[in-house]
Amino acid sequence: MAKAEQKQNSTVVIEETKLDIRDVVNTTTTYGDDNGHGGGRRNDVAMVVLRAMCMFVSTVAVVLMVTARETSMTTLYGFEFQLHAVWSLSDSLIYLVVVSSATVLYSLIQLIISGTRLMRKSPVIPTRTQAWLCFVADQIIGYAMVSGGSAALGVTNMNRTGIRHMPLPNFCKSLGFFCDHLAVSVVFALFAFLLLAASSFLDVLRLSRDR
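Just so we're clear, the structure is a prediction, and the values are computed from it rather than from any experiment.

Asks: What is the right way to look at the overall build of the chain in this model?
Replies: Each helix and strand in the chain was counted, giving four helices and two strands. Each helix (α) and strand (β) of the chain, taken in turn from the N terminus, gives the series α-β-β-α-α-α. Per-residue burial over the chain gives 34% buried out of 211 residues. Long-range pairs, those at least 24 residues apart, make up 77% of the contacts in the chain with a sequence separation of at least 6. Split by element, the accessible area of the chain, about 13000 Å² in all, is 66% carbon and sulfur.

Asks: Honestly, a nonpolar patch on the surface in this entry has me stumped. Any pointers?
Replies: Together, Val45, Val49, Met53, Phe191 and Leu194 make up a nonpolar patch on the protein surface, roughly 400 Å² of accessible area in all. Looking at the nonpolar patch, the elements that each hand over two or more residues are helix 1 (2-66) and helix 4 (176-208). In terms of residue count, the dominant contributor to the nonpolar patch is helix 1 (three residues). In this structure, Leu194 sits in helix 4.

Asks: Whenever I open this one, the UniProt feature "transmembrane region" (unreviewed entry) in the chain confuses me. Can you help?
Replies: Under the UniProt annotation, the feature "transmembrane region" (unreviewed entry) is placed at residues 48-68, 93-113, 133-155 and 175-202. Between the first and last C-alpha atoms of residues 48-68 the distance is 31 Å; the span itself is 90% helix and 0% strand. When the span residues 133-155 is considered, its composition is 100% helix and 0% strand, and the gap between its end C-alpha atoms is 33 Å.

Asks: Can you help me understand the nonpolar core in this one?
Replies: The tendency in soluble globular proteins is for nonpolar side chains to be buried as a group. Residues Met65, Trp87, Leu93, Met145 and Phe178 are the most contacted members of the largest nonpolar core, which totals 37 residues. Elements represented by at least two residues in this core include exactly helix 1, strand 2 (79-86), helix 2 (91-119), helix 3 (128-161) and helix 4. In this structure, Met145 is in contact with Ser58, Val99, Ser100, Thr103, Ala189, Ala192, Phe193 and Leu196, ignoring residues within four places of it in sequence.

Asks: When you look at the packing of aromatic side chains in this model, what are you seeing that I'm missing?
Replies: Aromatic ring pairs are reported here in terms of the distance separating the ring centres and the angle at which the planes meet. In total, this model carries two aromatic pairs according to the counting rule given. Judged by centre distance (6.0 Å) and plane angle (85°), the rings of Trp132 and Phe135 are edge-to-face. Of the two residues, Trp132 and Phe135 both sit in helix 3, three residues apart, roughly one turn of that helix. A relative accessible area of 42% means that Trp132 is categorised as partly exposed.

Asks: Quick question: what am I supposed to make of the side chain of Asp138 here?
Replies: With respect to the element layout, Asp138 can be found in helix 3. Residue classification places Asp138 among the buried positions, given a relative accessible area of 1%. Within the local environment of Asp138, its side chain forms a polar contact with the side chain of Arg51, the two groups lying 2.9 Å apart.

Asks: Could you clarify how one ought to interpret the confidence of the model for the chain in this entry?
Replies: Detailed reading of predicted coordinates is not advised where the pLDDT is low. When pLDDT is averaged along the chain, the result is 77, and 66% of the positions lie at 70 or above. The least confident element of the chain is helix 1, whose mean pLDDT is 64; the most confident is helix 2, at 94. Every residue in residues 10-37 is under pLDDT 50, and counting partners more than four places away or in other chains gives zero contacts.

Asks: Where do I start with helix 2 in this structure?
Replies: Side chains three or four residues apart in an α-helix point the same way, a direct result of the helix having 3.6 residues per turn. Relative to the 42 Å expected for 29 residues at 1.5 Å per residue, helix 2 spans 42 Å between its end C-alpha atoms, a close match to the ideal helical length. Trailing helix 2 by a residue or two, Lys121 shows a phi angle of about 60°, which is positive.

Asks: Please clarify how the environment of Ala131 should be interpreted in this entry.
Replies: Tracing the backbone shows Ala131 in helix 3. In this structure Ala131 comes out as buried when scored by relative accessible area, which is 0%. Each C-alpha atom of the pair Ala131 and Leu205 lies 9.4 Å from the other, and the pair is 74 residues apart in sequence. Contact partners of Ala131, with chain neighbours within four places excluded, come to Ile125, Asp203, Arg206 and Leu207.

Asks: Explain unusual backbone geometry to me, please; I cannot follow it from the model alone.
Replies: Excluding glycine, residues mostly carry a negative phi; peptide bonds, for their part, are mostly trans. Here the phi dihedral of Lys121 falls at roughly 60°; this positive angle occurs in a residue that is not glycine. Among the secondary structure elements, Lys121 is positioned in the loop between helix 2 and helix 3.

Asks: Even after reading the chapter, I still don't get the packing of helix 2 against helix 4, so can you show me in this structure?
Replies: Taken N-terminus to C-terminus, the directions of helix 2 and helix 4 make an angle of 40°; their axes are 11 Å apart at the nearest point. Taken together, the axis directions place helix 2 and helix 4 in an arrangement best described as oblique. Once helix 2 is placed against helix 4, the crossing between them reads as left-handed. Contacts from Leu93, Leu96, Thr103 and Tyr106 in helix 2 reach Phe178, Leu182, Ser185, Val186, Ala189 and Leu196 in helix 4.

Procedures and definitions
Residues numbered from 1 in each chain as written. Predicted model: local features only at pLDDT ≥ 70, side-chain atom pairs only at ≥ 80, totals over all residues. Heavy atoms only, no water. Helix = DSSP H or I, 4+ residues; strand = E, 2+ residues; numbered from the N terminus. Buried < 20%, exposed > 50% of the residue type's maximum accessible area, 1.4 Å probe, protein only. Contact = heavy atoms within 4.5 Å. Areas by Shrake-Rupley, 256 points an atom, 1.4 Å probe, with all protein chains shown as cover. Patch = residues over 30% accessible without salt bridge, like charges linked within 9 Å, V, L, I, M, F, W, Y side chains within 5 Å. Salt bridge = Lys/Arg side-chain N within 4 Å of Asp/Glu carboxyl O. UniProt positions renumbered as here; feature names shortened; annotations may be inferred. Core = buried A, V, L, I, M, F, W, Y, C linked by side-chain atoms within 4.5 Å. Phe/Tyr/Trp six-rings, centres within 6.5 Å; stacked < 30°, edge-to-face > 60°. Polar contact = N/O pair within 3.5 Å; in protein donor to acceptor, adjacent residues only side chain to side chain. pLDDT = per-residue confidence, 0-100. Expected span 1.5 Å × (residues − 1). Axes fitted to C-alpha atoms, helices over the stretch in contact; angles between N-to-C directions. Parallel < 35°, antiparallel > 145°, perpendicular 65-115°, else oblique. Left-handed = near helix turned anticlockwise from the far one by under 90°.

Here it is as structure tokens:
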């Protein structure tokens, strides 16, 4: 009888010990999840900020480009000529405006979606599939922006330096307002590319958390 009671007491002690171990494991897991959620929360806030900045920077690039127009006079070989510069006369500048406008629209959509989720305290990128979609979209829009900026940069440099082996003047001496708008617009377009690259990095961090 005494042995049976001793055995029963030992069983109770073992069950209590197992229960205590489970409590410890659950507590540790919950703490780890909270820490991961905290890091994810910071990344979500950073993502919303990047989307807002990208939309603003791309909008500035578009506004500067579409307002780049100027009429002035220049002298070549003793003759005066009227110069009329408009951004829409260059295919490269038109391409940059189209790409920048697409970036504004894309960033606005992403800002609305991510901002709404952030306000609801839910993950900005809830699934791995959405993380991949955002990563691919950021890459496509980003490379489009850098290609448009590079093309427009070539036009800007040509206006400042002229065409090699041809006796063309530095048009930017007479069209300073036009050339300045082009240059600043290109800078903002390239900055938007850097912001999209940073967003892609956050997409990669989101994908790495699911491995």
